[in-house]
Amino acid sequence: MANEPMKQNGWKLKTTEKYDSKLKWFCKKHPNEARAVLERLEAYFKTLNECNEPQQVTGAWIHPEPHGVKAITEKGKGGALKATRLYMFPHKKELILLLPTIGDKNSQKEDIKYCSDIVQKLIADEIKPKV
Amino acid sequence: MEKTFNSVDEMLKASGVDDGFRKDIQEEINKKQIAQSLFSLRCKENLTQAQMAEKLKCSQSRISKIENSYDKDLCVGDLLDYAAALNLNVEIGIVPQMKLVDKIKYHAFAIKHYAEELAHLAKEDKTMVEGVSRFFYDAVFNLVNIVAGAAKKLHEPKALQSGLSVSTSLNRSDNLDTKMTDTNVECVR
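Residues numbered from 1 in each chain as written. Chains lettered and ligands numbered in written order. Predicted model: local features only at pLDDT ≥ 70, side-chain atom pairs only at ≥ 80, totals over all residues. Heavy atoms only, no water.

Q: Where do I start with the overall build of chain A in this structure?
A: Broken down by element type, chain A carries 3 helices and 6 strands. Its helices and strands taken in sequence order, chain A reads β-α-α-β-β-β-β-β-α from the N to the C terminus. Residues classed as buried in chain A amount to 52% of the 131 residues present. Of the roughly 6700 Å² that chain A leaves accessible, carbon and sulfur atoms contribute 55%. (Helix = DSSP H or I, 4+ residues; strand = E, 2+ residues; numbered from the N terminus. Buried < 20%, exposed > 50% of the residue type's maximum accessible area, 1.4 Å probe, protein only. Areas by Shrake-Rupley, 256 points an atom, 1.4 Å probe, with all protein chains shown as cover.)

In structure tokens:
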């Protein structure tokens, strides 16, 4: 078709309450770590909008986690930074990049479980027949 | 209704993060536009850092370092290497400082120049004339869309800008990158 408008992929960001409150805390207590992962979130989000395919967006600082969750790390931003993970789930069907939470090594296990639960619920809700 | 955001900056604003901190992040992002662009170009070609390293005959950590660099720390060689690996050309231009409106006019004249060149090139060949006609028709449609899209943004929040613009090639699924500033670093297929 000749006259289609140029493609606008239109991914959007969505946060959870947990993410919002932890982000504020992180920005105050660990500004350098927060800055590092947020900068990378910007790079990821821009690239996702250009590629439209989450699997194509790869880098040493993007860790795969269970159930399609990905974690942005601070790695490579300087040795003095505390290990930090900004969790995200690219929901391709809705074109939403969900940000469930942000955390450090201490909360890693709990954070991953929280993200997995959210994503599983999201997917379960999608396949549930609507009455 | 749950709120969604079009940018990280918009999300940070709504999350109640301190304004100064938010601006710091934006400034930091602006200092890495070329590196960000190289990262996007690699991903668009569906290459991992390891595959890119293989193409460039260097280590993966070097690729990682390039994609994390500040623009001022990158060298032209890095751009040339990336461009060669992705079948792109590098164009670097330094142009006079202009008002935004003048920049749009400057690019409009460039479009006029290239469009006339294309028409001249095609005029001896019937098939080319048909192809170029179709292209012009599409171009008009796209240009109108671009201006209409920009007009829609008149009431959106203002983003921080730097003096550097990075544009990448127009391919398959790309949008026209209409950022125009004092220095342009472009990768053109």
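Q: I would appreciate a short explanation of the confidence of the model for chain A in the present structure.
A: Atom-level detail of predicted coordinates should not be read off regions where pLDDT is low. On average, chain A scores 87 in pLDDT, and the residues at 70 or more come to 88%. Residue range residues 1–8 of chain A is modelled with pLDDT below 50. Its contacts to residues more than four positions away, or to other chains, number 18 contacts. (pLDDT = per-residue confidence, 0-100. Contact = heavy atoms within 4.5 Å.)

Q: Sorry if this is basic, but what is going on with the packing of helix α1 (residues 17–29) of chain A against helix α2 (residues 31–51) of chain A here?
A: Residues and elements named next belong to chain A. Orientation of α1 relative to α2, taken along the N-to-C sense of each, is 125°, at an axis distance of 6 Å. Here α1 is positioned oblique relative to α2, judged by the angle of their axes. Here α1 contributes Tyr-19, Leu-23, Phe-26, Cys-27, Lys-28 and Lys-29 to the contact with α2, which in turn contributes Pro-31, Glu-33, Ala-34, Leu-38 and Leu-41. Among the residues forming the contact of α1 with α2, the class breakdown is 8 nonpolar, no polar and 3 charged. (Axes fitted to C-alpha atoms, helices over the stretch in contact; angles between N-to-C directions. Parallel < 35°, antiparallel > 145°, perpendicular 65-115°, else oblique. Nonpolar A, V, L, I, M, F, W, Y, C, P; charged D, E, K, R; others polar.)

Q: What exactly am I supposed to notice about the interface of chain B and chain A here?
A: Size of an interface, as often reported, equals the accessible area lost when the parts are brought together. With 42 residues of chain B in contact, the opposing surface of chain A contributes 41 residues. Across the chain B-chain A interface, the total number found is 3 salt bridges. Note that B:Lys32 and A:Glu39 form a salt bridge whose closest N and O atoms lie 3.1 Å from each other. Those elements that place two or more of their residues in the side of chain B that touches chain A are α1 (8–15), α2 (19–30), α3 (33–44), α5 (60–67) and α8 (126–152) of chain B. Among the residues forming the side of chain B that touches chain A, the class breakdown is 15 nonpolar, 17 polar and 10 charged. (Salt bridge = Lys/Arg side-chain N within 4 Å of Asp/Glu carboxyl O.)

Q: What is the right way to read empty space enclosed by the protein from this model?
A: Rolled over the atoms, a probe sized like a water molecule indicates the empty space that remains. All chains considered together, the criterion is met by 3 cavities of 30 Å³ or more. The computed volume of the largest cavity comes to approximately 190 Å³. Residue lining of the largest cavity: 15 residues in total, with A:Glu39, A:Ala43, B:Lys32, B:Gln36 and B:Glu67 positioned closest to the centre. Mapped onto the lining of the largest cavity, the elements with two or more residues apiece are α2 of chain A together with α3 of chain B. For the lining of the largest cavity, the element with the highest residue contribution is α2(A), accounting for 5 residues. When grouped by side-chain class, the residues that make up the lining of the largest cavity number 5 nonpolar, 3 polar and 7 charged. (1 Å grid on protein atoms, 1.4 Å probe; cavity = no way out; pocket = protein on both sides within 12 Å on 5 of 7 lines; lining within 4 Å. Points joined across faces, edges and corners; volume = space filled by probe spheres on them.)

Q: I tried to follow the pairing of strand β5 (residues 96–99) of chain A on my own but got confused; where do I start?
A: Looking along a regular strand, one sees the side chains alternate between the two faces of the sheet. Residue and element names in this part refer to chain A. With burial as the criterion, each face of β5 is covered, one bearing Ile-96 and Leu-98 and the other bearing Leu-97 and Leu-99. Pairing between strand β4 (residues 84–91) and β5: 3 bridges, direction antiparallel. Within β5, the residue paired with His-91 across the bridge is Ile-96. Two successive antiparallel strands, β4 and β5, enclose a turn made up of 4 residues, where Leu-95 displays a positive phi of approximately 55°. (Pairing = 2+ DSSP bridges.)

Q: Got a minute to help me understand the pattern of salt bridges in this structure?
A: Close approach of charged atoms allows side chains with opposite charge to pair. Applying the stated rule across the entire model yields 18 salt bridges over all chains. Of the charged contacts in the structure, one is a salt bridge between A:Glu42 and A:Lys46, with a shortest N-O distance of 3.4 Å. With A:Glu42 and A:Lys46 both in helix α2 and 4 residues apart, this pair spans about one turn of that helix. Overall, the relative accessible area of 8% leaves A:Glu42 in the buried class. Between B:Glu67 and B:Arg42 there is a salt bridge whose closest N-O contact spans 2.6 Å. One end of the pair, B:Glu67, is in helix α5; the other, B:Arg42, is in helix α3, and 25 residues separate them in sequence.

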